[in-house]
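Reading the structure
Each chain, written out:
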Amino acid sequence: MEILKYELTKGSKDRVEIIDITKDIDDILATCKIKEGIVNIFAMHSTAGIVINENESRLIKDFKNALENLIPENKNYGHDLIDNNADSHIRTFFIGSSESIPIENNRLSLGTWQRVFFVELDGPRNRKFVLTIIGK
Amino acid sequence: MEILKYELTKGSKDRVEIIDITKDIDDILATCKIKEGIVNIFAMHSTAGIVINENESRLIKDFKNALENLIPENKNYGHDLIDNNADSHIRTFFIGSSESIPIENNRLSLGTWQRVFFVELDGPRNRKFVLTIIGK
Amino acid sequence: MEILKYELTKGSKDRVEIIDITKDIDDILATCKIKEGIVNIFAMHSTAGIVINENESRLIKDFKNALENLIPENKNYGHDLIDNNADSHIRTFFIGSSESIPIENNRLSLGTWQRVFFVELDGPRNRKFVLTIIGK
């Protein structure tokens, strides 16, 4: 058994963007000597999250609308007096900073419609993710 | 130290259902050679999640009402033009696809009131979960 | 490779409180023989969660307001007939019970603004957390 770490960096172009990073992760796993196990993808930011869902363009838009409906961008947040991104932090608070996913045969073992997304909530920015891979 | 994988399948009967799978997981752990460690329960679907909470029938109803209040079933979602389950995806987006739980003495090490639930958000269906167990 | 477990207890003073436990975790990691790896912090309660975000006092207040706006304390919940804390359970349902975080050089490998919080949702109480540390 082994534990290995990799770093993934990824840029965003919009303030709120839901970016499919499945291939980026699978490219790292393809060259990794751990073939079977689990990978944790951790976003090193407090205004960006990781989720697993389907990659369908209308649905991606629905996710963005849901974020805006539930946690609106401007709502007299106290933190906005310091840095105008309270909504980005609150959205991350509910979404979560990481996901753990099984690995099989040197790739993510996802369901048919599952993809891994980096949820940018205060872009555009370059973001850093740590992949911790455990297995054999 | 070892890493082992198991598959759990579970059916649902309703569109939205919150199903206690604690015993299903403990039954697998009871026969597993890893006695101490951690287990990750991963739902291989983009319209089903995993949560930990109390199993009390009125509370289960409260959870369902909260899902409907926060993310209503019908709300002119774009994805509904393709597949009429945008709400199921958005709810999964916020709930998350997996949980990791400590193992002690061949069983889940949960608090007094904690139980593990599979949250069906687009049933009835048969669902598949991967248990990744790490420990010794 | 090794797997080790530690228990952390922490008290809260208010019904809803967002408490920074980064130092408590780092103090445990500092004395741990696992230097590189990952730690899972698991709350053994169904009315308390773990999140990662920024520690800024106005933002902490924004988080509490968002919890109250999205899932109000009193709203004719069925569970309140049994135990007057349905909101605490529903909030935990959406926040989640654990987080997994990379470890580097005997400490949490967090981003510049990231801190680990225990979210008390039905205090004041003493709460128990299990740290499962995997690495070498």
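Each remark here, short or long, concerns the structure printed above.
Residues numbered from 1 in each chain as written. Chains lettered and ligands numbered in written order. Predicted model: local features only at pLDDT ≥ 70, side-chain atom pairs only at ≥ 80, totals over all residues. Heavy atoms only, no water.

Some points on the interface of chain A and chain B
Applied cut-off: Contact between two residues is taken to exist if any of their heavy atoms lie within 4.5 Å; hydrogens are not considered. By buried area we mean the combined loss of accessible area, with a 1.4 Å probe, across both parts when two parts are placed together. By convention in these notes, a salt bridge is any Lys or Arg side-chain nitrogen within 4 Å of a carboxyl oxygen on Asp or Glu. Polar contacts, as counted here, are pairs of nitrogen or oxygen atoms within 3.5 Å of one another; within protein the pair requires one atom able to donate a hydrogen and one able to accept it, and residues that are adjacent in sequence qualify only if both atoms are side-chain atoms. Numbering goes from the N terminus for both helices and strands, where a helix is a DSSP run of H or I of at least four residues and a strand is a run of E of at least two.
Counting from both sides, the interface comprises 34 residues of chain A and, opposite them, 30 residues of chain B. Surface buried jointly by chain A and chain B totals about 2600 Å² across both partners, of which 66% is contributed by carbon and sulfur atoms. Joining chain A to chain B, the criterion identifies zero salt bridges. Joining chain A to chain B, the criterion identifies nine residue pairs in polar contact (both at pLDDT 80 or more). Going through the elements one at a time, strand S3 (37-43), strand S4 (48-53), helix H2 (57-70), helix H3 (86-95), strand S5 (98-104) and strand S8 (126-135) of chain A are the ones with two or more residues in the side of chain A that touches chain B. Here the side of chain A that touches chain B gets eight residues from one element, more than from any other, and that element is H2 of chain A.

Quick notes on the relation of the copies chain A and chain B
Rule in force here: We superpose the copies by least squares over the C-alpha atoms of residues that have a pLDDT of at least 70 in both of them.
Least-squares fitting of chain A to chain B yields an RMSD of 0.0 Å, with the superposition described by an axial translation of 0.0 Å and a rotation of 120 degrees. Within this description, the copies of the chain are treated as partners about a three-fold rotation axis. Take the interface residues of chain A: only 12% of them recur as interface residues in chain B, which is what a contact between different surfaces looks like.

A look at the sheet that holds strand S7 (residues 115-120) of chain B
For clarity, the cut-off: At least two bridges found by DSSP between two strands are what make those strands a pair. For helices, the fitted axis covers only the stretch in contact; all axes are lines through C-alpha atoms, and the angles between them, taken along N-to-C directions, range from 0 to 180 degrees.
Pairing in this open sheet of three strands is antiparallel, and the strands run S2-S7-S4 (chain B) from one edge to the other. In the strand order of this sheet, the two ends are held by strand S2 (17-20) and strand S4 (48-53) of chain B, each with one partner. Strand-to-strand twist in this sheet, taken as the mean axis angle between neighbours without regard to direction, amounts to 30 degrees. Inspection of the sheet shows S4 of chain B paired to S7 of chain B by six bridges, in the antiparallel sense. Within S7 of chain B, the residue paired with Asn 53 of chain B across the bridge is Arg 115 of chain B. Seen against the sheet, helix H3 (residues 86-95) of chain C touches S2, S4 and S7 of chain B and runs at an angle of roughly 135 degrees to S4 of chain B.

Side note on unusual backbone geometry
Following Gly 123 of chain B, the chain continues to Pro 124 of chain B via a peptide bond in cis, the omega torsion being -5 degrees. Relative to the helices and strands, Pro 124 of chain B resides in the loop between S7 and strand S8 (126-135). Unusually for a residue other than glycine, Asn 105 of chain C sits at a positive phi of about 55 degrees. Locating Asn 105 of chain C in the fold gives a position in the loop between strand S5 (98-104) and strand S6 (107-108). Although it is not a glycine, Asn 106 of chain C adopts a positive phi angle of roughly 65 degrees. The topology assignment puts Asn 106 of chain C in the loop between S5 and S6.

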